[in-house]
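Fold and contact review
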Amino acid sequence: MEIITFNIATCHVVTNLRWKLVDKSSNLCKSKVPSGTKARVLCARVDHRSESLRFSNINKLFLGNPDQGEGSKSINAPEGLKVVDSKVLSGEYDSYVIHRDEDVENISGSGEPTTKVLIPGLPNESRGECGAPINSCFCEWKPKLNVHYEKAGCQNVKSPPVLFLPGFGVGSFHYANQLKDLGREYRVWAIDFLGQGMSLPVENPTTLLKEGDILEEKNSIWGFGEETEPWANELVYSMDLWRDQVSHFIEEVIGEPVYIVGNSLGGYVALYFAASNPHLVKGVTLLNATPFWGFLPNPIRSPVLARLFPWSGTFPLPASVRKLTELLWQKISDPKSIAEILKQVYADHSTNVDQVFSRILEITQHPAAAASFASIMFAPQGQLSFEECLMRCKMNNLPICLMYGKEDPWVKPIWGLKVKRQVPEAPYYEISPAGHCPHDEVPEVVNYLLRGWINNIESHGSNVLPLLDDSQSIRYNISKDLEFTRGGSRKLVKVRFFGSGFSIWNWINSPVKSQLGKLEIKSG
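Just so it is clear, the model here is predicted, and its values are computed rather than measured. (Residues numbered from 1 in each chain as written. Predicted model: local features only at pLDDT ≥ 70, side-chain atom pairs only at ≥ 80, totals over all residues. Heavy atoms only, no water.)

Before going further, it helps to examine the pairing of strand 6 (residues 134–142). Along any regular strand the residues' side chains alternate between the sheet's two faces. Of all nine residues in strand 6, eight are buried; the element is thus mostly enclosed. In the sheet, strand 6 pairs with strand 7 (residues 145–152) via seven bridges, with the strands oriented antiparallel. Counterpart to Glu 140 in the pairing with strand 7 is Asn 146. In this structure, the hairpin formed by strand 6 and strand 7 is closed by a connection of two residues, where Lys 144 is found at a positive phi of approximately 75°. (Buried < 20%, exposed > 50% of the residue type's maximum accessible area, 1.4 Å probe, protein only. Helix = DSSP H or I, 4+ residues; strand = E, 2+ residues; numbered from the N terminus. Pairing = 2+ DSSP bridges.)

Let us now look at the side chain of Asp 348. Structurally, Asp 348 is set in the loop between helix 10 (335–345) and helix 11 (354–364). A polar contact of 3.2 Å, which involves the side chain of Asp 348, links it to the side chain of Lys 491. (Polar contact = N/O pair within 3.5 Å; in protein donor to acceptor, adjacent residues only side chain to side chain.)

Right, let's talk about the packing of aromatic side chains for a bit. All told, the structure shown has 14 aromatic pairs when counted by the stated rule. Ring geometry for Tyr 268 versus Tyr 272: centroids 6.4 Å apart, planes at 65°, classification edge-to-face. Of this pair, Tyr 268 and Tyr 272 both sit in helix 7 (residues 265–276), four residues apart, which is roughly one turn of the helix. A relative accessible area of 0% places Tyr 272 in the buried class. With centroids separated by 5.3 Å and ring planes inclined at 80°, the aromatic side chains of Tyr 268 and Phe 386 adopt a geometry described as edge-to-face. Placement of Tyr 268 in helix 7 and of Phe 386 in helix 13 (residues 386–395) is noted, with a sequence separation of 118 residues between them. Pair check on accessibility: Tyr 268 and Phe 386 agree, each one buried. Put simply, the rings of Phe 168, Trp 293, Trp 329 and Phe 373 pair up and form one aromatic cluster. Its guanidinium or amino end placed over the ring of Trp 141, Lys 142 lies 4.6 Å from that ring's centre, counting from NZ or CZ. (Phe/Tyr/Trp six-rings, centres within 6.5 Å; stacked < 30°, edge-to-face > 60°. Lys NZ or Arg CZ within 6 Å of the ring centre and 35° of its normal.)

Since there are 3.6 residues in each turn of an α-helix, residues three or four apart along the chain are aligned in direction. With 16 residues, helix 6 (residues 239–254) extends 21 Å between its outermost C-alpha atoms, agreeing within 8% with the 22 Å of an ideal straight helix rising 1.5 Å per residue. Counting buried positions along helix 6 gives 12 out of 16 residues, so the element sits mostly inside the fold. Regarding helix 6, the residues found buried are Met 239, Asp 240, Leu 241, Trp 242, Arg 243, Gln 245, Val 246, Ser 247, His 248, Phe 249, Ile 250 and Ile 254. Of the residues flanking the end of helix 6, it is Gly 255, one or two places downstream, whose phi is positive at about 85°. (Expected span 1.5 Å × (residues − 1).)

A few words on the nonpolar core. Core analysis: the biggest nonpolar cluster contains 65 residues, and Leu 163, Leu 165, Trp 242, Val 246, Ile 260 and Leu 271 have the highest contact counts within it. Here this core gets nine residues from one element, more than from any other, and that element is helix 7. One finds Val 162, Leu 468, Ile 478 and Phe 484 within the second-largest nonpolar core, a separate group that totals 37 residues. (Core = buried A, V, L, I, M, F, W, Y, C linked by side-chain atoms within 4.5 Å.)

Turning our eyes to something else, we now look at the environment of Ile 474. Take Ile 474: it is sitting in the loop between helix 16 (443–458) and strand 14 (478–486). Accessibility expressed as a relative area gives 30% for Ile 474, which makes it partly exposed. When the C-alpha atoms of Ile 474 and Gly 501 are compared, they prove to be 8.3 Å apart, with 27 residues separating the residues in sequence. For Ile 474, the contacting residues outside a window of four places in its chain are Leu 465, Leu 468, Phe 497, Gly 499 and Ser 500. (Contact = heavy atoms within 4.5 Å.)

Summary statistics for the chain give a mean pLDDT of 79 and a share of 71% for residues scoring 70 or more. Ignoring residues within four places in sequence, the model shows residues 48–111, a span with pLDDT below 50, making 135 contacts including any to other chains. Contacts from residues 209–218, a stretch scored under 50 in pLDDT, to residues over four places away or in other chains number five contacts. (pLDDT = per-residue confidence, 0-100.)

Covalent bonding between the sulfur atoms of two cysteines is what defines a disulfide. As enumerated under the stated definition, the model contains zero disulfides in all. Unpaired in terms of disulfides, Cys 139 finds its nearest cysteine sulfur in Cys 137, a separation of 8.6 Å. For Cys 393, which is in no disulfide, the shortest distance to another cysteine sulfur is to Cys 389 and amounts to 6.7 Å. (Disulfide = S-S within 2.5 Å.)

The topology assignment puts Ala 339 in helix 10. Judged by relative accessible area, Ala 339 falls into the buried class, the value being 0%. Sequence spacing of Ala 339 and Phe 357 is 18 residues, and the spatial spacing of their C-alpha atoms is 7.1 Å.

Below, the structure is given as structure tokens:
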């Protein structure tokens, strides 16, 4: 595999690079995508300290930029949101966060004794702590299908490789805190699924219209039409496609079995991939993994039913659904809608979501974003259900670790606990306060737990799991407060470990027992 690597001083240049990749007439795109089948990789250094240059800061978007010239637009802040000053992880400059007035609810709901544990924070450059440099790269999977990924720590040649898979609607950028922190001791990669992030098509998959309509086609969105370019003839955004994408990436780019970590949709894909390719996986960590994806029948499991939905997950989509898709996309891609979704999935509304917001907003500007979103929403089911994937992994003795944010409004705790019931030997960590994306909301905690779990596997059990005092404690439920420093202040997060003796009935009863115990103490 040929690899092209170079450094870029600022992310503003990386942004320009991205749009050149989208433009099929670009010289850079032509040099990156060869006509032959030999895979090539294009890499660029990412400076996450200036990442807000990729689009615009939330404060500039909502409040307007005082440096803007005439004709520049500003957008008012969405109702119910406040834009407040905050300190961020890497320095003392002003940033902006989504905030609400009421405090985040943090209820342990257990009668277990709680102890406090001080854990490391993220690398703080103001104190001379350097995070691992992150490289942004592209590799070609198939003609016209380029996979974007970011990597860090590749100099740690004797360390285990770790691959992160993102959730729906985001990309590798969502794991920046893992790459710059864990990349100091592991080899770490994060990819963008095809149809998402920066792995969107580099050109329109539909054939051009007649000559008089070329200008109209150029200014319109991509991915709708009846005539398809040869490279997109069998393109279907689905679990099966992403499983195959991950398989190719591990075999061709990483070159050895990995620890695979997935959030939300990425969690399901991680499990699906591990169940299908156990020889390429050292262990699986699920971060609030969605237990289902796709509502339409799988063409292999249900070929007759699948014929009723010939456009299921296909890219491009039929021209007949274009107007409806555009109408829905205007609402979904609106900055207010994106901000509201982030407000839902982050339990601690003091979390800085500036970079995540701007990166999501930037992705929505891609001409193929609307059609790709619609295709993924109508994706067929995978060949294996979530439960079948779990059972296959269990039969193959693949280590599994579960980390779930307790306040997730979408994947409620009961879903994670159902997984725990199927694989009782898997360590389960319930994190509070944390919502659907604990790796971004409390990266210090997730990184600490992930390090400990990998060390436990690599040492064949000699190093005990995180939060446990000894190997015998694995049967019991343990609750501890993890304390760390962020932006000059201390934060406290409660983590409950559920051992192999866990039962859902005891979990339901524990809050009741706790309240009864408190009443007995008061009455005594």
